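# Reading the structure
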Amino acid sequence: MENQAVQTTEKKKETVFSAIQPSGAITLGNYLGAIRNWVRMQESGDYHCIYALADLHTITVRQEPAQFRKNVIDMYASILACGVDVEKAPFFIQSHNPNHAVMAWILDCYTQFGELSRMTQFKDKSAKHADNINAGLFTYPSLMAGDILLYQADKVPVGADQKQHIELTRDIANRFNSIYGNVFKIPEGFIPKDGARVMSLQNPLNKMSKSDENVNGYVLLTDPDNVIMKKFKRAVTDSEAKVRYAEGKEGINNLMSIYSAVTGLSFEQIEHDFDGKGYGDFKTAVGEAVIAEIAPIRKRYEEYLKDKKYLEECYRKSDEFAIRYSSRTVEKAMKKIGFVK
Ligand code: TRP
């Protein structure tokens, strides 16, 4: 009896799917904007969470092989260090599950050239990599659609820059379903409310990014404490010398968002606490709060990196789960299309 009750509540849990590209080290922006939220959803117990390292997506831009391999392992270890726990939420490597490539091809045939041409990320990336506008860069959104649809995901937490891809995923899924019946669950994208949008410390109009040419613009989870503090002390602010959230104070607004995200304090509370204090004090407080949050992650990361066998155990187990789980969707889709079994 009791067991049955457990099973029915289990069944009702929504599936959450998300993935991130392995770019090596994680920035404070990736952490506060995405990964911390992955961990919260996993820990809430309200969802069935499935996470992936989207390495197939990464080769749309040319990679140096040894560096690429290292980036994948570093990123895998970092995300475990942030608190993703494969016992609660499988975290697999996309290229280890061949169903992704199969599904991407199938969905390519149900995605229109015009739709892909309208993707702003494609336009941005092809401007940035004008010497290598390959077909993969163009069809990237149908690979991503496959990632999500393979797991019949209900919810997909993403950054604002991925919203258009989620909309396209829904269009592709609806199109497929309208031809063949209910094959895919129609997923919903959502931009987590408490996921802070972290901006560059040097140019707070831009998103914090590792591709910033100024290293002081971003904080990495692997930065030593003194480097983190130095970067916050150098953060661009304004000349008003008053800690308050307002238009035109993008540097301070960003520091306040970061501080609020790591301490849980509201903007009002922060304004109150720093009333009459200078930016120097505030920057030090932000630096200290960030260090308190990420120093333990860095320590765990260094431990995981030394234990490659453990990392491998984690992804092998997750890969197996992912292959098994997604095979049902691929088989169903292929049968509906009319492939001979
Ligand atoms: N394209 C996403 C990014 O670059 C990463 C990604 C790949 C993803 N597949 C996904 C995100 C599926 C959500 C769901 O950020």
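None of the values given here were measured: they were computed from a predicted structure.

Attention shifts here to the packing of helix α4 (residues 65-82) against helix α14 (residues 308-337). With their axes 11 Å apart at the nearest point, α4 and α14 run at an angle of 85° to one another. As summarised for this structure, α4 and α14 are arranged roughly perpendicular, according to the angle between their axes. Along its contact with α4, which presents Ile73, Tyr76, Ala77 and Leu80, the element α14 presents Lys308, Tyr310, Leu311, Cys314, Tyr315 and Ser318. Residue composition of the contact of α4 with α14, by class: 8 nonpolar, 1 polar and 1 charged.

Put simply, side chains in a regular strand alternate between the two faces of the sheet. Of all 7 residues in strand β1 (residues 14-20), 5 are buried; the element is thus mostly enclosed. Regarding the hand of the β-α-β motif, the stretch spanning β1, helix α2 (residues 28-44) and strand β2 (residues 47-53) is right-handed.

With that out of the way, let us pick up the site of the ligand. The ligand sits among Phe17, Ala19, Gln21, Ala54, His57, Tyr140, Met144, Asp147, Ile148, Val156, Val158 and Gln162. One of the side-chain nitrogen or oxygen atoms of tyrosine 140 is found 2.8 Å away from a nitrogen atom of the ligand. Aspartate 147 is positioned such that a nitrogen or oxygen atom in its side chain is 2.6 Å from a nitrogen atom of the ligand. Contact with the protein chains covers 89% of the free accessible surface of the ligand, which is 370 Å². Mapped onto the shell around the ligand, the elements with two or more residues apiece are β1 and α8 (135-150).

Turning next to the pairing of β2. Judged by how many residues are buried, β2 sits mostly within the fold: 5 of 7 residues are covered. Note that β1 and β2 share 7 bridges and pair parallel. By the bridge assignment for β2, glutamate 14 is matched with tyrosine 47. Bridge count between β2 and strand β3 (residues 91-93): 3 bridges; the pairing is parallel. Bridge assignment links leucine 53 to a residue of β3, and that residue is isoleucine 93.

Our focus in this paragraph is the nonpolar core. Ranked by size, the top nonpolar core spans 63 residues in total, and within it Tyr76, Ile79, Phe91, Phe232 and Phe282 carry the most contacts. In terms of residue count, helix α13 (residues 279-306) provides more of this core than any other element does, 11 residues in total. Two domains each put at least three residues into this core: domain 1 (2-196 + 308-337) and domain 2 (215-303). With residues near it in sequence (within four places) discarded, tyrosine 76 still touches Leu53, Val86, Phe91, Ile93, Leu311, Cys314, Tyr315 and Ser318. Phe92, Ile106, Leu107 and Tyr325 belong to the second largest nonpolar core, which has 34 residues in total.

A few words now on the packing of aromatic side chains. Within this structure, the stated rule accounts for 20 aromatic pairs. Centre to centre, the rings of tyrosine 76 and tyrosine 315 are 5.4 Å apart; their planes meet at 85°, and the pair counts as edge-to-face. Here tyrosine 76, found in helix α4, pairs with tyrosine 315, found in helix α14; they are 239 residues apart in sequence, far enough to count as distant. When its relative accessible area of 1% is taken as the criterion, tyrosine 76 is described as buried. Ring pairing ties together the aromatic residues Phe17, Phe92, Tyr151, Phe321 and Tyr325, which thus form one cluster. Directly above the aromatic system of phenylalanine 274 lies the positively charged group of lysine 277, at a separation of 5.5 Å from the ring centroid. The residue whose ring lies beneath arginine 328 is tyrosine 325, and the NZ or CZ to ring-centre distance is 5.0 Å.

Together, Lys332, Lys335, Lys336 and Lys341 give the surface a local cluster of positive charge. Assignment of secondary structure puts lysine 336 in helix α14. Overall, lysine 336 belongs to the partly exposed group, its relative accessible area being 39%.

If you walk through the whole model with that rule in mind, you get 16 salt bridges. Measuring nitrogen to oxygen at the nearest pair gives 2.9 Å for the salt bridge that ties lysine 155 to glutamate 14. Here lysine 155 is found in strand β4 (residues 155-157), whereas its partner glutamate 14 is found in strand β1, with 141 residues between them in sequence. Shared partners join several salt bridges into a network, and the residues in it are Asp238, Glu240, Arg244 and Lys249.

Structurally, serine 257 is set in helix α11 (residues 250-263). Apart from the residues lying within four places of it in its own chain, the contact partners of serine 257 are Tyr245 and Phe267.

Taking 1.5 Å of rise per residue, the 14 residues of α11 would be expected to cover 20 Å, and the 20 Å separating its terminal C-alpha atoms lies within 8% of that figure. Among the 14 residues that make up α11, 12 are buried, leaving the element largely enclosed by the rest of the structure. Taken together, the buried positions of α11 are Gly251, Ile252, Asn253, Asn254, Leu255, Met256, Ser257, Ile258, Tyr259, Ser260, Ala261 and Val262. Taken together, the buried residues of α11 touch α2, α10 (225-233), α12 (267-273) and α13.

Quick notes on the rules
Residues numbered from 1 in each chain as written. Predicted model: local features only at pLDDT ≥ 70, side-chain atom pairs only at ≥ 80, totals over all residues. Heavy atoms only, no water. Axes fitted to C-alpha atoms, helices over the stretch in contact; angles between N-to-C directions. Helix = DSSP H or I, 4+ residues; strand = E, 2+ residues; numbered from the N terminus. Parallel < 35°, antiparallel > 145°, perpendicular 65-115°, else oblique. Contact = heavy atoms within 4.5 Å. Nonpolar A, V, L, I, M, F, W, Y, C, P; charged D, E, K, R; others polar. Buried < 20%, exposed > 50% of the residue type's maximum accessible area, 1.4 Å probe, protein only. Right-handed = clockwise from strand over helix to strand, strands pointing away. Near = heavy atom within 4 Å. Polar contact = N/O pair within 3.5 Å; in protein donor to acceptor, adjacent residues only side chain to side chain. Areas by Shrake-Rupley, 256 points an atom, 1.4 Å probe, with all protein chains shown as cover. Pairing = 2+ DSSP bridges. Core = buried A, V, L, I, M, F, W, Y, C linked by side-chain atoms within 4.5 Å. Domains from an automatic or database assignment. Phe/Tyr/Trp six-rings, centres within 6.5 Å; stacked < 30°, edge-to-face > 60°. Lys NZ or Arg CZ within 6 Å of the ring centre and 35° of its normal. Patch = residues over 30% accessible without salt bridge, like charges linked within 9 Å, V, L, I, M, F, W, Y side chains within 5 Å. Salt bridge = Lys/Arg side-chain N within 4 Å of Asp/Glu carboxyl O. Lys, Arg positive; Asp, Glu negative; His and termini not counted. Charge placed at Lys NZ, Arg CZ, Asp CG, Glu CD. Expected span 1.5 Å × (residues − 1).

Function-wise, these values are silent; they only describe arrangement.
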